[in-house]
Amino acid sequence: MNNFIVAIIILAVVIVFSVINSIYICSVCDDITALIDQNKLDEAKKLWEEKKDYISYFVRDAEIDVVSSEAEAIGSDTPIEDGEAVGMRFREAIGEIKDTEEFSLTNIF
């Protein structure tokens, strides 16, 4: 019986930490998306660079690489019309991470 109780406690801890992690990553993605929507691409890039290391522990490397390459495309020398296209691709890549990390039973197991 003690093993069952310990197993239930461990499962509860895993579920709680998965929920907290999901909420945090989705919040960061929402913040980045909001900055992109306000055409603050440099600030969105800076926020991505700050949070990238943490997010990379939980998200596949391929998705991290896509977002990082889109973030690198953002620069002060980017023309306005190209900046909008880069911003949209950056937004879509961040959206992929958010969709992957939204809380579900698949994320727990």
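The structure presented is a predicted model; accordingly, all values stated were derived computationally and were not measured.

Novice: Explain the overall build of the chain here, please?
Specialist: Of the regular secondary structure elements, the chain holds 5 helices and 0 strands. In sequence order, the secondary structure elements of the chain are arranged as α-α-α-α-α. Per-residue burial for the chain yields a buried fraction of 30% across its 109 residues. A sequence separation of at least 24 residues applies to 66% of the contacts in the chain between residues at least 6 apart. A total accessible area of about 7,200 Å² is found for the chain, and carbon and sulfur atoms account for 58% of it.

Novice: Teacher, can you tell me more about the packing of aromatic side chains here?
Specialist: The description of two aromatic rings rests on the distance between their centres and on the angle between their planes. Tallying each qualifying case throughout the model produces 2 aromatic pairs. A centroid spacing of 5.1 Å and a plane angle of 90 degrees characterise the contact between Tyr-24 and Tyr-54, whose relative ring orientation is edge-to-face. Of the two residues, Tyr-24 sits in helix α1 (residues 2-37) while Tyr-54 sits in helix α2 (residues 41-56), which places them 30 residues apart along the sequence. Between Tyr-54 and Phe-58, the ring centres sit 5.2 Å apart and the planes meet at 55 degrees, which makes this aromatic pair tilted. A relative accessible area of 39% places Phe-58 in the partly exposed class. Within the aromatic cluster, the residues linked to one another by ring pairs are Tyr-24, Tyr-54 and Phe-58.

Novice: I tried to follow the environment of Glu-84 on my own but got confused; where do I start?
Specialist: As for its placement among the helices and strands, Glu-84 is situated in helix α4 (residues 80-101). For Glu-84, a relative accessible area of 53% translates into the label exposed.

Novice: What am I meant to see in helix α3 (residues 61-72) here?
Specialist: Along an α-helix, residues three or four apart share an orientation, since each turn contains 3.6 residues. Between its first and last C-alpha atoms α3 spans 16 Å; for 12 residues at 1.5 Å apiece the expected length is 16 Å, and the two agree. When α3 is considered as a whole, its buried residues turn out to be Glu-63, Ile-64, Val-67, Ser-68, Glu-70 and Ala-71. Angular distribution of buried residues about the axis of α3 spans 160 degrees; they occupy a single face of the element. Summarising the geometry of α3, the exposed residues directed more than 90 degrees from the buried face are Asp-61, Asp-65 and Glu-72.

Novice: Please clarify how a negative patch on the surface should be interpreted in this entry.
Specialist: On the surface, Glu-92, Glu-96, Asp-99 and Glu-102 cluster together to form a negatively charged patch. Within the secondary structure layout, Glu-92 lies in helix α4. On the accessibility criterion, Glu-92 (53% relative accessible area) is exposed.

About the thresholds
Residues numbered from 1 in each chain as written. Predicted model: local features only at pLDDT ≥ 70, side-chain atom pairs only at ≥ 80, totals over all residues. Heavy atoms only, no water. Helix = DSSP H or I, 4+ residues; strand = E, 2+ residues; numbered from the N terminus. Buried < 20%, exposed > 50% of the residue type's maximum accessible area, 1.4 Å probe, protein only. Contact = heavy atoms within 4.5 Å. Areas by Shrake-Rupley, 256 points an atom, 1.4 Å probe, with all protein chains shown as cover. Phe/Tyr/Trp six-rings, centres within 6.5 Å; stacked < 30°, edge-to-face > 60°. Expected span 1.5 Å × (residues − 1). Arc of directions from axis to C-beta. Patch = residues over 30% accessible without salt bridge, like charges linked within 9 Å, V, L, I, M, F, W, Y side chains within 5 Å. Salt bridge = Lys/Arg side-chain N within 4 Å of Asp/Glu carboxyl O. Lys, Arg positive; Asp, Glu negative; His and termini not counted. Charge placed at Lys NZ, Arg CZ, Asp CG, Glu CD.

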